[in-house]
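# Observations on the three-dimensional arrangement
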Amino acid sequence: MSDEHSDARDRDAKDRDLDAARTASTGPLTTDTGVRVEDTDNSLRVGERGPTLMEDFHFREKITHFDHERIPERVVHARGAGAYGYFEPYDSWSRYTRADFLAEPGRRTPVFVRFSTVAGSRGSADTVRDVRGFATKFYTREGNFDLVGNNMPVFFIQDGIKFPDFVHAVKPEPHNEIPQAQSAHDTLWDFVGLQPETSHMIMWLMSDRALPRSYRMMQGFGVHTFRLVDAEGRGTFVKFHWKPKLGTHSLVWDECQKIQGKDPDFNRRDLWDAIEAGAFPEWELGFQLVPEEDEHRFDFDLLDATKIIPEEEVPVTPVGRMVLDRNPDDFFAETEQIAFHTANVVPGIDFTNDPLLQARNFSYLDTQLIRLGGPNFQQIPVNRPVAEVSHNQRDGYGQHRVHRGRTSYHPNSLGGGCPALADADVYRHYQERVDGHKIRRRSPSFADHYSQARLFYNSLADWEKEHLRAAFRFELGKCTDMGVRERAVANFAHVDHELAVHIAEGIGVAPPAPADGAADHDRSSPALSQATTVLDTVATRQVAVLVSDGVDLDGLRPLVDALVGQGALVELLAATDGTVRAADGSEVRVDRAVGTVASVVYDAVVVPGGTAPAALAADGTALHFVTEAFKHHKAVAALGEGVDLLARLPLPELRTATGAVPVDDQGVVTARPGAGPEFADAFIARLAAHRAWDRTTASVPA
Ligand code: HDD
């Protein structure tokens, strides 16, 4: 069978599984037992004004089912969005791992990915300051492999026994259940100030990584050091990386807070819309490989999940690509019921003794039992492997299999000895010699909590540092207990004294003295900065064009054509829905009324020429739209009379720098009267750069 056919077989197998479960609401309404129903609006009662009867089985069934519609939401990562797709390796990786799905270049393995926030409830907003989950289920021919990672490469704690403490600290405070989906409150920062191992991850949490522009534009990390095992049983340490094809990009904090109101589903919608539009998100899987003999070569412990291996020390080897190309049919059945588990591994992939990973290997199975109501959750369509399943486990809540035969034990003779033990293609645990005393103690090799936090800070561009410092001030500024603020600041004096002083000055606590034992090095890892990401594509970027009667379509068209030609999405916004009449007399269909959206849900704004600006200038919403886009460092284009509109806005730097009219500067591109092709090129370059981070916006009203 050719590769193409066997790929199709794997995907078909998964689809068949799902197909068997799919139902469309067609035909007559029935009860759960298939009895046809003639009226679902009136319960059965005695006379028109009399009591309802117990014998109304349709009423009772409908209400009972409704009463049981909810399952416990995930304790963490409750809010998420998912999609199906496939993974294909670029090469055969069998020199490192016997994992079948990595053995043949180009062979496709079906996947489901669920992205999530961590702290908020299921109905919380998407654009909160938080870590994002990035969990991938590979439905391989040898069983399911779950890579349950995050969009940050380290974690808050080193030992899973601290997980409930950390989660209790970051979740809403228990007495009043406030605040929702926010880390900016006393209990989180109380914990941070007392638990220095959180320092490195907190630096990531205060960085722009916590504010992804899109799930499609964030990295993913397996975090732990795992182990690849080849056919001879030889191991190689590995860290897993996902790199987004569109680059790693972030929103700004003010924008995030506004989007929480304007479009709480911003990231979920973005993923859904991109897939529906055929702009399939794509990531590259990478390995950082460390030979076993190099285990102790680093100045940190590979088993410590609060540490990265800098890419400059061990480069990321590109391994394959993942494409998400299908939205689920039913959010609950698929995205809600998918059950990830770090211990879902396949032959060729194994664990290390990272104490955080070891704890996870207990926790995920345990949590699915309560969340999905029993031990048969792997039979739910989205969880079912494409590999054959055959074992002696029986019964339990929600059993969907009808097992045949009289034996459910091993060994047996009455069932022909089945299922039999295999000797080929089996999972063999990596054989590692381990001996020692039973102790409750952290390894001294886990003791340095600050060097890598500093490495991260040193690696950021100036604008990234500025955002991080502002985030600390915001978060600690929300804490009411001054002791909490002081301890947190004192902790970060171990990372960077200047940073700690800056935070202190913003939150009204005394600047800390330089700390004993503080990290003190100027090493950096350029790969950690988002300034080094992909900055040459406008694909799927959303551009708002503010139009009104009199708009100069001829002047606008080349820009719109160029944007659309490169995969950007352009929407025409006007004061009301419907149409506007262009300068040439034609009717132009409007995509949305400006009042139903906001600049924060777009990447850039264009103000065309024509008589439009006069009308726009009379409209505070339009003025605010452009000013806010400017405030958030977005690319702005103005054409012809549109330039006059910019001149009316409170954008002081531009005005003082250029007289009355802004020029092509700081991500603002203008052309008067008309625009040549270089105008579109200039704007596209600004948009591809994501944001004009060097733009000074402090004095621009938010
Ligand atoms: Fe976890 C969910 C990622 C540490 C216990 N975790 C969960 C999800 C992701 C992560 C992405 C959501 C999966 C989904 O979409 O359904 N967790 C991580 C990462 C960690 C980590 C990258 C550190 C490297 N987690 C961690 C520890 C524990 C847990 C140390 C417990 C000892 N995590 C859970 C859980 C969850 C979970 C309670 C909640 C819902 C679920 O598992 O299915 O078991």
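Residues numbered from 1 in each chain as written. Predicted model: local features only at pLDDT ≥ 70, side-chain atom pairs only at ≥ 80, totals over all residues. Heavy atoms only, no water.

## Some points on the overall build of the protein
Summing up its helical and strand segments, the protein has 19 helices and 18 strands in all. In terms of overall dimensions, the protein is globule-like: its C-alpha atoms have a radius of gyration of 28 Å, near the 27 Å expected for 702 residues. Dimensions along the principal axes, computed over C-alpha positions, put the protein at roughly 90 × 80 × 60 Å. Classification of the 702 residues of the protein by burial places 53% in the buried group. Here the analysis covers contacts within the protein between residues at least 6 apart in sequence; of these, 74% occur between residues at least 24 apart. Taking the average location of the 75 positive side-chain charges in the protein and that of its 104 negative ones, the two points are 3 Å from each other. (Helix = DSSP H or I, 4+ residues; strand = E, 2+ residues; numbered from the N terminus. Rg over C-alpha atoms; globule rule 2.2 N^0.38 Å. Buried < 20%, exposed > 50% of the residue type's maximum accessible area, 1.4 Å probe, protein only. Contact = heavy atoms within 4.5 Å. Lys, Arg positive; Asp, Glu negative; His and termini not counted. Charge placed at Lys NZ, Arg CZ, Asp CG, Glu CD.)

## Brief notes about the site of the ligand
Taken together, 22 residues sit near the ligand, with Arg74, Arg114, Arg360, Tyr364 and Gln368 positioned nearest. Take Arg360: an N or O atom from its side chain is 3.3 Å from a nitrogen atom of the ligand. Measuring from an oxygen atom of the ligand, one finds a side-chain N or O atom of Ser363 at 3.2 Å. Mapped onto the shell around the ligand, the elements with two or more residues apiece are strand E3 (132-140), strand E4 (143-150) and helix H9 (355-371). Examining the composition of the shell around the ligand, we find that seven residues originate from one element, H9, more than from any other. Per-class residue counts for the shell around the ligand are ten nonpolar, nine polar and three charged. (Near = heavy atom within 4 Å. Polar contact = N/O pair within 3.5 Å; in protein donor to acceptor, adjacent residues only side chain to side chain. Nonpolar A, V, L, I, M, F, W, Y, C, P; charged D, E, K, R; others polar.)

## Quick notes on the coordination of the iron atom of the ligand
For the iron atom of the ligand, the sole protein-derived donor is Tyr364 (OH), lying 1.9 Å away. Note on placement: Tyr364 falls in helix H9. (Donors = N, O, S within 2.8 Å, 3.2 Å for Na, K, Ca; no water.)

## A few points about the side chain of Ser199
When you line up the elements, Ser199 lands in helix H5 (residues 199-205). Look past the residues within four positions of Ser199 in its chain and what remains in contact with it is His449, Tyr450, Ala453, Asn491 and Phe492.

## Quick notes on the pairing of strand E12 (residues 569-574)
Extensive coverage of E12 is indicated by the burial of five of its six residues. Bridge analysis of E12 against strand E15 (residues 592-593) gives two bridges, and the strand direction is parallel. The residue bridging Leu573 from the neighbouring strand is Arg592, located in E15. (Pairing = 2+ DSSP bridges.)

## Let's talk about the sheet that holds strand E16 (residues 604-607)
The six strands are arranged E15-E12-E11-E16-E17-E18 in an open sheet whose pairing can be described as parallel. For this open sheet the edge positions go to E15 and strand E18 (668-671), each flanked by a neighbour on one side alone. With four bridges joining them, E16 and strand E17 (residues 635-639) adopt parallel strand pairing. Residue pairing for E17: Val605 is matched across the bridge by Val636.

## Points about the packing of aromatic side chains
Tallied over the entire structure, the rule returns 29 aromatic pairs. The positively charged end of Arg108 is found above the aromatic ring belonging to Tyr86, 3.9 Å away from the centroid. Residue placement shows Arg695 over the ring face of Phe630; its charged tip is 4.2 Å from the ring centre. (Phe/Tyr/Trp six-rings, centres within 6.5 Å; stacked < 30°, edge-to-face > 60°. Lys NZ or Arg CZ within 6 Å of the ring centre and 35° of its normal.)

## Focus on the confidence of the model for the protein
For the protein, per-residue confidence averages 94 on the pLDDT scale, and residues scoring 70 or more make up 96% of the total. Residue range residues 656-664 is modelled with pLDDT below 50. Its contacts to residues more than four positions away, or to other chains, number 17 contacts. (pLDDT = per-residue confidence, 0-100.)

## Looking at the pattern of salt bridges
If you walk through the whole model with that rule in mind, you get 44 salt bridges. In this structure, Asp100 and Arg107 form a salt bridge, with 3.1 Å as the shortest nitrogen-oxygen distance. The pair formed by Asp100 and Arg107 is uniform in burial state, with each residue classed as buried. The salt bridge involving Lys137 is made with Asp146; its shortest N-O contact spans 3.0 Å. (Salt bridge = Lys/Arg side-chain N within 4 Å of Asp/Glu carboxyl O.)

## Description of the packing of helix H4 (residues 186-194) against helix H12 (residues 482-492)
Running from amino to carboxyl end, H4 crosses H12 at an angle of 40°, the nearest separation of the two axes being 8 Å. When the interaxial angle is binned, H4 and H12 end up oblique. Helix-helix and strand crossings are classified by hand; for H4 and H12 the assignment is left-handed. Where H4 abuts H12, its residues Asp186, Trp189, Asp190, Val192, Gly193 and Leu194 lie against Val484, Arg487, Ala488, Asn491 and Phe492. (Axes fitted to C-alpha atoms, helices over the stretch in contact; angles between N-to-C directions. Parallel < 35°, antiparallel > 145°, perpendicular 65-115°, else oblique. Left-handed = near helix turned anticlockwise from the far one by under 90°.)

## So, the nonpolar core
Counting 88 residues, the largest nonpolar core has Trp189, Ile202, Met203 and Phe472 as the members making the most contacts within it. Residue contributions to this core reach at least three from each of two domains, namely domain 1 (45-177 + 210-287 + 315-379) and domain 2 (542-688). The residues contacting Phe472, other than those within four sequence positions of it, are Trp189, Ile202, Met203, Met206, Gly477, Phe492, Leu499 and Ile503. (Core = buried A, V, L, I, M, F, W, Y, C linked by side-chain atoms within 4.5 Å. Domains from an automatic or database assignment.)

## Re the domain arrangement of the protein
The domains assigned to the protein are domain 1 (45-177 + 210-287 + 315-379) and domain 2 (542-688). Counting residues at the interface gives nine residues for domain 1 and eleven residues for domain 2. For the domain 1 and domain 2 pair, buried surface summed over both sides reaches about 770 Å², with 58% attributable to carbon and sulfur atoms. Along the contact surface separating domain 1 from domain 2 lie three salt bridges. Across the pair Glu628 and Lys258 runs a salt bridge, and its minimum N-O distance is 2.9 Å. In this assembly, domain 1 and domain 2 are joined by four residue pairs in polar contact (both at pLDDT 80 or more). For the side of domain 1 that touches domain 2, the element with the highest residue contribution is helix H6 (residues 253-262), accounting for five residues. Here the residues of the side of domain 1 that touches domain 2 are counted per class, giving three nonpolar, no polar and six charged. (Buried area = accessible area lost by both parts, 1.4 Å probe.)

## A word on the pairing of strand E7 (residues 235-244)
The buried count for E7 comes to nine of ten residues, which makes it a mostly enclosed element. Alignment of strand E5 (residues 220-221) against E7, held across two bridges, turns out to be antiparallel. Each residue of the ladder has a partner; that of Phe221, found in E7, is His241. Of the strand pairs in this sheet, strand E6 (residues 226-229) and E7 are connected by four bridges, and their pairing is antiparallel. Note on E7: the bridge partner recorded for Phe226 is Val238. Relative to strand E8 (residues 282-291), E7 is paired through nine bridges, and the arrangement is antiparallel. Looking across to E8, one finds that Thr236 is bridged to Pro291.

## Considerations on the environment of Ala575
The topology assignment puts Ala575 in the loop between E12 and strand E13 (579-581). Beyond its immediate sequence surroundings of up to four residues, Ala575 is in contact with Ala593, Val594 and Asp619.

## Some words on unusual backbone geometry
In this structure, Pro179 follows Ile178 across a cis peptide bond, with omega equal to -5°. Locating Pro179 in the fold gives a position in the loop between helix H3 (163-170) and H4. Here the amide bond leading from Cys418 into Pro419 is cis, since omega sits at -10°, within 30 degrees of zero. With respect to the helices, strands and loops of the structure, Pro419 is situated in the loop between H9 and helix H10 (451-459).

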